[in-house]
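# Coordinate inspection notes
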Amino acid sequence: MKKVPLKLIPRKLGSKSELKRMRKQGYIPVEVYGKEVENRHAYVSLKDLMSLPYGETFLIEADLDGEKRICLLKDIQRGYLGDNILHVDLYDISHTREIEVEVPLEFVGTPAGVGLGGTFEIMLHTLTVKAPVDNIPDKISVDVSSMGLGDVLHVRDIQPPAGCIIMDSPEEVVAVVLEPEAEETPTEETTS
């Protein structure tokens, strides 16, 4: 899994005036917490935060006073209008053996049923996977080229990557190839 470096500046708990001053300078307060680790308070540059990848799974390699911590972006708290970032939570997984994380699905190929007029419809875009921290996949690729008209792809049909366990229900539908709808031909009514 991709690791993205992020520089954090230590923060002391205290006055609101310091918090307001740092926000005006372009820094956002951060909480770093996790199992068997000491909670730390810090700031992160808004510019660095906005440069993080969007729409993909990644780990953050947080540098706080020279100490490197592997973290997940747990939460971003925004203002009531949703436009400004108020606070960020990072979950430290440095001492965690296994973790559950959502991993995006990548559908490879074009289903055979689409060539026959069917419609490929995706129901799930991510799967919840339990895996060792150093074995979390970036994405799970699923070959859908053999799906015909009316075929359904369930979670149980997906082969998990090595060392990973899919936590979603095996009966859950991931994707389906819908049959084309029959067109109704207007019938002329004859009047006598």
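Refer to the preceding data block for the structure.
Residues numbered from 1 in each chain as written. Predicted model: local features only at pLDDT ≥ 70, side-chain atom pairs only at ≥ 80, totals over all residues. Heavy atoms only, no water.

## Topic: the side chain of His87
For clarity, the cut-off: Numbering goes from the N terminus for both helices and strands, where a helix is a DSSP run of H or I of at least four residues and a strand is a run of E of at least two. Note on exposure labels: buried denotes an accessible area under 20% of the residue type's maximum, exposed denotes more than 50%, and partly exposed covers the range between, all computed with a 1.4 Å probe on protein chains only. Residues count as neighbours in contact if any of their non-hydrogen atoms are within 4.5 Å of one another.
With respect to the element layout, His87 can be found in strand S6 (residues 85–92). Relative accessible area serves as the criterion here: at 18%, His87 is assigned to the buried category. The contact partners of His87, leaving out residues within four places of it in the chain, are Ile28, Pro29, Glu31, Asp75, Ile76 and Gln77.

## Some thoughts on unusual backbone geometry
Backbone geometry follows two general trends: most residues other than glycine have a negative phi, and most peptide bonds adopt the trans configuration. Located in the positive-phi region is Glu36, a residue other than glycine, with phi close to 60°. Relative to the assigned elements, Glu36 resides in the loop between strand S2 (27–34) and strand S3 (40–45). If you check the backbone angles, Asp65 has positive phi at about 55° while not being a glycine. Note that Asp65 resides in the loop between strand S4 (59–64) and strand S5 (67–78).

## Quick word on the packing of aromatic side chains
The condition is simple: Two rings from Phe, Tyr or Trp (for Trp, the six-membered ring) form a pair when their centres sit within 6.5 Å of each other. Planes less than 30 degrees apart are called stacked, planes more than 60 degrees apart edge-to-face, and all others tilted.
Across all of its chains, the model carries two aromatic pairs by this definition. With a centroid separation of 5.8 Å and 70° between ring planes, the pair formed by Tyr33 and Tyr91 is classed as edge-to-face. Residue Tyr33 is located in strand S2, and its partner Tyr91 is located in strand S6; the two are separated by 58 residues in the primary sequence. With a relative accessible area of 16%, Tyr91 lands in the buried category. Taking 5.7 Å as the distance between ring centres and 75° as the angle between the ring planes, the aromatic pair formed by Phe107 and Phe120 counts as edge-to-face.

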